[in-house]
Each structure stands twice: as C-alpha cells, then as structure tokens.
Amino acid sequence: MKTKRSIVQVLPALNQGGVERGTIEIAEALQKVGIRNYVVSSGGKMVEELKRIGVEHITLPVKTKNPFKMWLNSYRLAKIFKEKEVGLVHVRSRAPAWSVKWACRRMRIPFVATFHGLYGMKPESLKKPYNRVMTQGKLVIAVSSFIHQHLMKEYNIADQHIRLIPRGADINKFDMGKVTKAQLEDFVKEYGIPTDKPIITLAGRLSRIKGHSVVLDAIKQMKNQNVTVLFVGGNPKGDYEQELKEKIAGLPKETTLKMFAVSGDKMPLVYALTDIYVQPTLVPESFGRSIAEAQAMGRIVIAANHGGACELIVNGRTGFLTPVGDSQKMAAMLDTVLALSDEEKNEIGQKATESVRTNFSIQKMCDRTVAVYKEILGNELDYK
C-alpha cells in the first residue's frame, strides 16, 4: 500500500502581494477539501491568515539569494519533506525554486512551479539559466495565456508541459451587493474624497512602470477635467516622487487628486466609489488581478493594450484598451467613457462582472490547481 502524501507550497515570504495571496487561497482550498498541506516561507504578516485557516507554516530563510544558503536550505527542505511525508512541492519564486529542485532530487519527489511574471532576461547569459529552474519541474503553471506563450517562445517549453491557470478575483469579497452605504460614507469621510464628480482610480505601488504619469498627462488633455483622481498605494519615493510632484502641480484647477494607501479589506470600497478604473502599465503584466477585481464590481476599466490585460478585457465590450504609454489616446478614451449614458455604462459593467465570474474567479483558479496536484499524485494524496 502506497504512503499517502501531503502538499507543500514554498515562497520567499508571506507579506502583501499577489503571489502571497494566491498561496493562501490554495492552502485554504486544500484545507476545505481535506488535503493535508503546509506552507514554507521566511515569514511575514500573512502567516496569521494561515493560522486562521488551520494550515501549518514552517519558517525557513528561503528568500535568500546567497548560493551557499540556498544549497543549505535544500537540506533543510529535504528534512521537512521527509517529516511531513510530502509527495509534491509547489514553488512560486526562483530563489527558493533552486533549493526545492535540489531537495526534491534528493528525496525523489516531483515539484511544480507557477511562473508568475516576466522575470528579468538581461544579461541573458546569467538571467535566463537562473529563471529556467521554474520550468524544470514535473509541470509549470502559467498564470495567463500571455505567460504561456512567453514560456514556449523564450524557454522552448512544450505545450504539454504547461498548465494554464489564470489568476482570479475573490468574487465573494469584490461584490457590489456587499458594500453598504454607511461603509462608503465612513470611507469617504476618512480619506476626504469628493464624490460630486467622476472618480478615476489607479491602484498599485507607486512606481514608474505602473503608469501614473500617463494618467496625469491624460488628465491635462481631457475635455472634461472636472474629475477626482485616486492613486491608491502609498507615496512615491526617490526621483519618481519629484517627477510626480511636478506633474501633480500642473493639474487643472478643476481636478482633485488624492493619494493614499489602504489595507486589502478596504479595496472593495475603493472600487465601489470608482467610475473608471485605469491600468496604464508601461510594461506588460502577467495577469492583472486589480483589473479583474474592478470588473467583478462592475467598474469600467481602461488598460494598456498588452500582457494579461488583453485576456481580461474584450475591447468595447467588457472594458477598453489603449496604446501603451499614449496619454493622448488615454485622455480621449476617458472622455468617451465619461460621455456614455448610464445604460451603456451599466451594460459594460455587467458584462465585465459576468466575464470575471465565469472565467476568472478564485474558485476556478483553486479548482484547476488542485486538479494539477491530483494529476500528478492521483490516489497518493493524503485526505484527512
């Protein structure tokens, strides 16, 4: 009789982010269907969420990029895999993937890796071999068709070695029906947000690649400049801070700008207040979870026409796509959307919500991931 095996997920740390959130979601999904599972990371504030759902966290310094420490971690991981009777490892980042690869080879157990983004490719002589570890497991999971194609083109990975599992939005959390008037009133008061004019929102860390400058330049070119702009994600730093300050100082007097950070549990309130959600990234994103979240709440999204955004948005039907970095086209699209009738806006919002619920929910992401585990381990999975 074969030994029943558990699943372990390995990632650098459990602080805020899409990779971390996805790890928690999979751990919870496994817990719900009774599959014994663990998470290994160097720790972080989201460890408390694992405790809440009853999944054991094992602290190990796997975020290190020091080759000697990575090799040492492989021995530590092998010991954990033996003690926990691990049958399959799911790794989500390159540095720990090397430790996982060595440990799995030692223990003769398979691993899978999720390719979460476009990892740096330069210098190609160093970066590409370093990245390639993510493709050397039993299977590799691509978070979008965009990443799927990238794997085949750049790493010559055969299609049958890839499993396409798009990321998802929590349709139970991002649901307009669960946002109350009182919650919105309190939120508006707390952050001093004017609600007497259309609200345009961009959420994400304040870095140049996110395209905040494109939005600010677009506002200056709009016909309707009487809008509120929300940059949700904290304050910019370094040279980019000065660049944004100069652009903000040049905004039309009718335009209001609010810049602040909120905890993840308040993001439904941000989307609920939003008329148009924008994602004008200057580099392609692998998926675009915030797009899916905004769509789940019926918001109209305008995004740069590249990367995973093209899979989430059917142009003119479930949102709108504009040329990358083109503030003039962004301005024209913002004016076009603001001029739509309420009926037209509602129709696009409803189609966007239906698309996310049908194709890009967390439940579908979890179901497909568990199916990969079952594909590899079959009846060896340990159900509690």
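Above: the structure in question.
Nothing here was measured: the structure is a model prediction, and the numbers come from that model.

1. As for the overall build of the protein
And step 1. The number of helices and strands found in the protein is 15 helices and 13 strands.
And step 2. Relative to the globule expectation of 21 Å for 384 residues, the C-alpha radius of gyration of the protein, 22 Å, shows essentially globular dimensions.
And step 3. For the protein, the proportion of its 384 residues judged to be buried stands at 55%.
And step 4. Counting contacts in the protein only where the partners sit at least 6 residues apart, residues at least 24 apart contribute 69% of the total.

2. With respect to the sheet that holds strand E5 (residues 111–115)
And step 1. Read from one edge to the other, the open sheet built from 7 strands follows the order E3-E2-E1-E4-E5-E6-E7, with strand pairing classed as parallel. Whereas interior strands pair on both sides, the edge strands pair on one side only; in this sheet they are strand E3 (56–59) and strand E7 (162–164). Each neighbouring strand pair of the sheet contributes to a mean axis angle of 25°, computed without reference to strand direction.
And step 2. When strand E4 (residues 86–91) meets E5, the two strands line up parallel, connected through 3 bridges. What sits directly across from Val 91, in E5, is Ala 113.

3. Things to note about helix H3 (residues 67–83)
And step 1. Under the 1.5 Å per step criterion, the end-to-end length of H3 is 25 Å for 17 residues, consistent within 8% with the ideal 24 Å.
And step 2. Residues of H3 that are buried include every one of Met 70, Asn 73, Ser 74, Leu 77, Ala 78, Ile 80 and Phe 81, and no others. The buried residues of H3 occupy one face: seen down the axis, they fall within an arc of 165°. Turned more than 90 degrees away from the buried face of H3, the exposed residues are Phe 68, Lys 79, Lys 82 and Glu 83.
And step 3. Buried residues along H3 sit against strand E1 (6–10), strand E2 (37–41), E3, E4 and helix H4 (94–107).
And step 4. One or two residues past the end of H3 sits Glu 85, with phi positive at roughly 50°.

4. Structural notes on the packing of aromatic side chains
Two descriptors summarise a pair of aromatic rings, namely the distance from one centre to the other and the angle between the planes of the rings.
And step 1. This model, assessed by the stated rule, comprises 11 aromatic pairs.
And step 2. With 5.8 Å between their ring centres and 45° between their planes, Trp 98 and Trp 102 make a pair best called tilted. One end of the pair, Trp 98, and the other, Trp 102, are both in helix H4, 4 residues apart, so they sit about a helical turn from each other. No difference in accessibility class separates Trp 98 from Trp 102, as the two residues are buried.
And step 3. Cluster of aromatic residues (ring-pair linked, three or more members): Trp 71, Tyr 75, Trp 98 and Trp 102.

5. Notes on the pattern of salt bridges
And step 1. The full count for this structure, using the stated rule, is 13 salt bridges.
And step 2. Among the ionic pairs, Glu 375 bridges to Arg 163, the shortest N-O distance being 2.7 Å. With Glu 375 in helix H15 (residues 362–377) and Arg 163 in strand E7, the pair connects residues that are 212 residues apart, well separated along the chain.
And step 3. Its relative accessible area of 46% is what places Glu 375 among the partly exposed residues.
And step 4. On the accessibility criterion, Arg 163 (22% relative accessible area) is partly exposed.

6. Overview of the nonpolar core
And step 1. Membership of the largest hydrophobic core comes to 37 residues, with the highest contact counts inside it found for Phe 81, Val 89 and Leu 151.
And step 2. Mapped by element, the contributors of at least two residues to this core are E1, E2, H3, E4, H4, E5, strand E6 (139–142) and helix H6 (145–155).
And step 3. Element by element, the count of residues in this core is highest for H4, at 6 residues.
And step 4. By size, the runner-up hydrophobic cluster in this structure holds 35 residues, among which are Ile 193, Ala 294, Met 297 and Val 301.

7. Here's the deal with unusual backbone geometry
And step 1. Located in the positive-phi region is Glu 85, a residue other than glycine, with phi close to 50°.
And step 2. Here Glu 85 is to be found in the loop between H3 and E4.
And step 3. Backbone geometry at Asn 156 places phi at a positive 55°, although glycine is not the residue there.
And step 4. Assignment of secondary structure puts Asn 156 in the loop between H6 and E7.
And step 5. For Asn 156, a relative accessible area of 65% puts it in the exposed group.

8. Remarks on the pairing of strand E9 (residues 228–232)
Successive side chains on a regular strand alternate, one facing one side of the sheet and the next facing the other.
And step 1. Of all 5 residues making up E9, 5 are buried, and the element is well covered by its neighbours.
And step 2. Both faces of E9 are covered, namely the face carrying Thr 228, Leu 230 and Val 232 and the face carrying Val 229 and Phe 231.
And step 3. Note: strand E8 (residues 199–203) against E9, 5 bridges, orientation parallel. Residue pairing across strands places Leu 202 opposite Phe 231, the latter belonging to E9.
And step 4. Direction of pairing for E9 relative to strand E10 (residues 256–260): parallel, over a ladder of 5 bridges. By the bridge assignment, Val 229 is partnered in E10 with Leu 257.

Criteria and thresholds
- Residues numbered from 1 in each chain as written.
- Predicted model: local features only at pLDDT ≥ 70, side-chain atom pairs only at ≥ 80, totals over all residues.
- Heavy atoms only, no water.
- Helix = DSSP H or I, 4+ residues; strand = E, 2+ residues; numbered from the N terminus.
- Rg over C-alpha atoms; globule rule 2.2 N^0.38 Å.
- Buried < 20%, exposed > 50% of the residue type's maximum accessible area, 1.4 Å probe, protein only.
- Contact = heavy atoms within 4.5 Å.
- Pairing = 2+ DSSP bridges.
- Axes fitted to C-alpha atoms, helices over the stretch in contact; angles between N-to-C directions.
- Expected span 1.5 Å × (residues − 1).
- Arc of directions from axis to C-beta.
- Phe/Tyr/Trp six-rings, centres within 6.5 Å; stacked < 30°, edge-to-face > 60°.
- Salt bridge = Lys/Arg side-chain N within 4 Å of Asp/Glu carboxyl O.
- Core = buried A, V, L, I, M, F, W, Y, C linked by side-chain atoms within 4.5 Å.

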